Amino acid sequence: MLVAGAFLAEFLSQGQYAPLSRLTSPPAREPFPVQGAAVDRYVPAGLRGGRPLVLVHGFTPEGKDDPRAREAAALLARAGFEVAVPTIPGLTRGRLRPEDVEPVVATLAARPGPVILLGVSVGAGPALLAAADPRVSDRVSAVVSLGGYASAFEVLKFWLTGHYEYGDVRGRAVHEPELVRLFVRANADLLTPAARAELEAADPERAAQFLATLSPELQRYLDGFSPVSVAGDIRARLILVHGRADRAVPYTESLRLAAARPERTTVALVGVMDHVEGGGAAGWQELRDFVALWRVMYALIGAARTSG
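Residues numbered from 1 in each chain as written. Predicted model: local features only at pLDDT ≥ 70, side-chain atom pairs only at ≥ 80, totals over all residues. Heavy atoms only, no water.

**Student:** Lay out the overall build of the protein chain in plain terms, naming residues and giving numbers.
**Tutor:** Assigned secondary structure in the protein chain consists of 12 helices and 10 strands. Against the 2.2 N^0.38 benchmark of 19 Å for 308 residues, the protein chain shows a C-alpha radius of gyration of 19 Å, consistent with a compact globule. If one aligns the C-alpha atoms of the protein chain with their principal axes, the spans along those axes are about 60 × 50 × 35 Å. A buried classification covers 53% of the 308 residues belonging to the protein chain. Long-range pairs, those at least 24 residues apart, make up 73% of the contacts in the protein chain with a sequence separation of at least 6. (Helix = DSSP H or I, 4+ residues; strand = E, 2+ residues; numbered from the N terminus. Rg over C-alpha atoms; globule rule 2.2 N^0.38 Å. Buried < 20%, exposed > 50% of the residue type's maximum accessible area, 1.4 Å probe, protein only. Contact = heavy atoms within 4.5 Å.)

If you want it as C-alpha cells, here you go:
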C-alpha cells in the first residue's frame, strides 16, 4: 500500500516529491541482450528478482536513452519491477510502422513469463500489438496503456484536424501548425508530393478532405498498426489509463479500445494527468483520481512484490 502511494506521489509530481526514491536504493541499469533490438534492463536493488515488466516508450529521438524513459524505468524498478526498455526505431523518428512491434516481441520472448507490458503514449500501439501476437501473447499477464491509442486513423485525424469523437463524446483541440508540419514530414514516405503539400498547409479543413478520400491502400496500412483491429486477440488483462484533458492523444481512444475488448478491461479516466505526466484537476476530484490510480498500482506492485 505504501509503495503504491509513494510511487504515485513521485510520478504525478514529476519528481518534485520523491518519497519512493528516498525510501529505496537506485536500481542497477545494464544492457539486456535481445537479438534484433537495443534493450536496457533495470534491476531492483535488494531483490532476488522483480516482476518482469517491459516498458515501451513514446515519441523520443533518444529511444531507451531518453531521460524520461530512464526515470520512469528506474522508478518502476524501485517499486519492485525488473524493467526492460527496448528502443522502438520508428518512435525515434516521429513515426510509427507495423514493424515497430518487433523489438517488443523480441524483448518479451527473452523474458521469463508472465510479463507486464506498459506502453506510454503512442508506444502503447506496439505494446498492444505485441500482446496480441501469437508468438508471445501467452507470456503477457497485463497490458497497461498510459495515454495510448486504439485507431491509427482516428489519431491521424486528431493530429491533422484537431477533431476527436467516440460515441456521444466529441471535441476539438487546436494544434500548433509547425507541429503538424513536423508530423507530416516524418511520414512523407507514405504521401504523394501533392498530398504532402496539402497537409503541410496545416489547414484542418483541407486535411479533413484528404482523410475523407483516403486510398484503400493507406487505410489498410493504418489498420496494420491499430490495436483496435487485434483487440480480440489480446489474452492479457487490459488497464487503460488516460487523462481527460489529454491534448496529444484524446481519451476517446481508450474508450474505443475498451469497447472493442470489454472483458477483463479496466478504464481509468483521470484529471490528475495531462498526457503521460502529472497535472490537471485539483480538489476532491484530484483525490478521487489518485485513489483510482492507486488501486491500479496497488494491484500491479503487489503482484511484483509477491513474485520477487
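**Student:** Explain the pattern of salt bridges to me, and be specific about the residues and the numbers.
**Tutor:** Applying the stated criterion to the full structure yields 23 salt bridges. For Arg111, the salt bridge identified is with Glu82, shortest N-O distance 2.7 Å. One end of the pair, Arg111, is in the loop between α4 (102-109) and β5 (115-120); the other, Glu82, is in strand β4 (residues 81-86), and 29 residues separate them in sequence. Residue classification places Arg111 among the buried residues on the basis of a relative accessible area of 3%. Residue Glu154 pairs with Lys157 through a salt bridge whose shortest N-O separation is 3.1 Å. In this pair, Glu154 and Lys157 both sit in helix α6 (residues 152-161), 3 residues apart, roughly one turn of the helix. Residue Lys157 is classed as buried on the basis of its relative accessible area, which comes to 15%. Salt bridges linked by common partners bring Glu154, Lys157, Glu165, Arg170, Glu253 and Arg256 together as one network. (Salt bridge = Lys/Arg side-chain N within 4 Å of Asp/Glu carboxyl O.)

**Student:** Account for empty space enclosed by the protein, with residues named and values stated.
**Tutor:** Scanning all chains against the criterion turns up 2 cavities of 30 Å³ or more. The space that makes up the largest cavity amounts to roughly 290 Å³. The wall of the largest cavity is formed by 21 residues, among which Leu156, Phe183, Asn187, Leu222 and Phe225 lie closest to the centre. Secondary structure elements with two or more residues in the lining of the largest cavity: α6, α7 (177-186) and α10 (216-223). With 5 residues, α6 is the largest single contributor of residues to the lining of the largest cavity. Considered class by class, the residues forming the lining of the largest cavity number 18 nonpolar, 1 polar and 2 charged. (1 Å grid on protein atoms, 1.4 Å probe; cavity = no way out; pocket = protein on both sides within 12 Å on 5 of 7 lines; lining within 4 Å. Points joined across faces, edges and corners; volume = space filled by probe spheres on them. Nonpolar A, V, L, I, M, F, W, Y, C, P; charged D, E, K, R; others polar.)

**Student:** Report on α4, specifying residues and quantitative values.
**Tutor:** Because an α-helix completes one turn every 3.6 residues, residues spaced three or four positions apart along the sequence face the same direction. Residues Pro103, Val104, Val105, Thr107 and Leu108 constitute the buried set of α4. Buried residues along α4 sit against β2 (39-43), β3 (51-56), β4, β5, α5 (124-132) and β6 (140-146).

**Student:** Let's hear about the packing of α7 against helix α8 (residues 193-200): which residues, and what values?
**Tutor:** At their nearest, the axes of α7 and α8 sit 9 Å apart, and the two run at 165° to each other. Taken together, α7 and α8 sit at an angle that is classed as roughly antiparallel. Crossing handedness for the pair α7 and α8: right-handed. Facing α7, whose interface residues are Val180, Arg181, Val184 and Arg185, α8 presents Arg196, Leu199 and Glu200. Class assignment of the residues belonging to the contact of α7 with α8 gives a composition of 3 nonpolar, no polar and 4 charged. (Axes fitted to C-alpha atoms, helices over the stretch in contact; angles between N-to-C directions. Parallel < 35°, antiparallel > 145°, perpendicular 65-115°, else oblique. Left-handed = near helix turned anticlockwise from the far one by under 90°.)

**Student:** Provide a residue-level description of the sheet that holds β5, including the pertinent values.
**Tutor:** Overall, mixed pairing links the 8 strands, which are arranged β1-β2-β4-β3-β5-β6-β9-β10 in an open sheet. At either end of the open sheet lies a strand with only one pairing partner, and these are β1 (28-31) and β10 (265-270). Neighbouring strand axes in the sheet, compared pairwise and without regard to direction, differ in orientation by 20° on average. Pairing between β5 and β6: 6 bridges, direction parallel. (Pairing = 2+ DSSP bridges.)

**Student:** Could you give me a rundown of the nonpolar core, with the residues and numbers involved?
**Tutor:** By size, the foremost hydrophobic cluster in this structure holds 59 residues, and its most contacted members are Leu108, Leu117, Val143, Tyr149, Leu160 and Phe210. Other than its neighbours up to four places away in sequence, Leu108 contacts Val54, Val115, Leu117, Ala130, Val136, Arg139 and Val140. Ranked by size, the runner-up nonpolar core spans 33 residues in total, among them Leu75, Val144, Ile239 and Leu293. (Core = buried A, V, L, I, M, F, W, Y, C linked by side-chain atoms within 4.5 Å.)

**Student:** Tell me about the confidence of the model for the protein chain, residues and numbers included.
**Tutor:** Of all residues in the protein chain, 93% have pLDDT values of 70 or greater, and the mean over the chain is 88. Looking at the elements of the protein chain, mean pLDDT is at its lowest for helix α12 (residues 284-307), recorded as 68, and at its highest for α4, recorded as 98. Confidence drops under a pLDDT of 50 for residues 304-308, and excluding neighbours within four residues, the segment shows 12 contacts in the predicted structure. (pLDDT = per-residue confidence, 0-100.)

**Student:** Any details on the side chain of His57? Residues and values, ideally.
**Tutor:** In this fold, His57 is placed in the loop between β3 and α3 (67-78). Under the relative-accessibility criterion, His57 is labelled buried at 5%. Among the polar contacts listed, one links the side chain of His57 to the backbone nitrogen of Ile88, at a separation of 3.0 Å. Excluding residues that lie within four positions of it along the chain, His57 makes contacts with Gly63, Lys64, Ala69, Pro86, Thr87, Ile88, Leu91, Val120 and Gly123. (Polar contact = N/O pair within 3.5 Å; in protein donor to acceptor, adjacent residues only side chain to side chain.)

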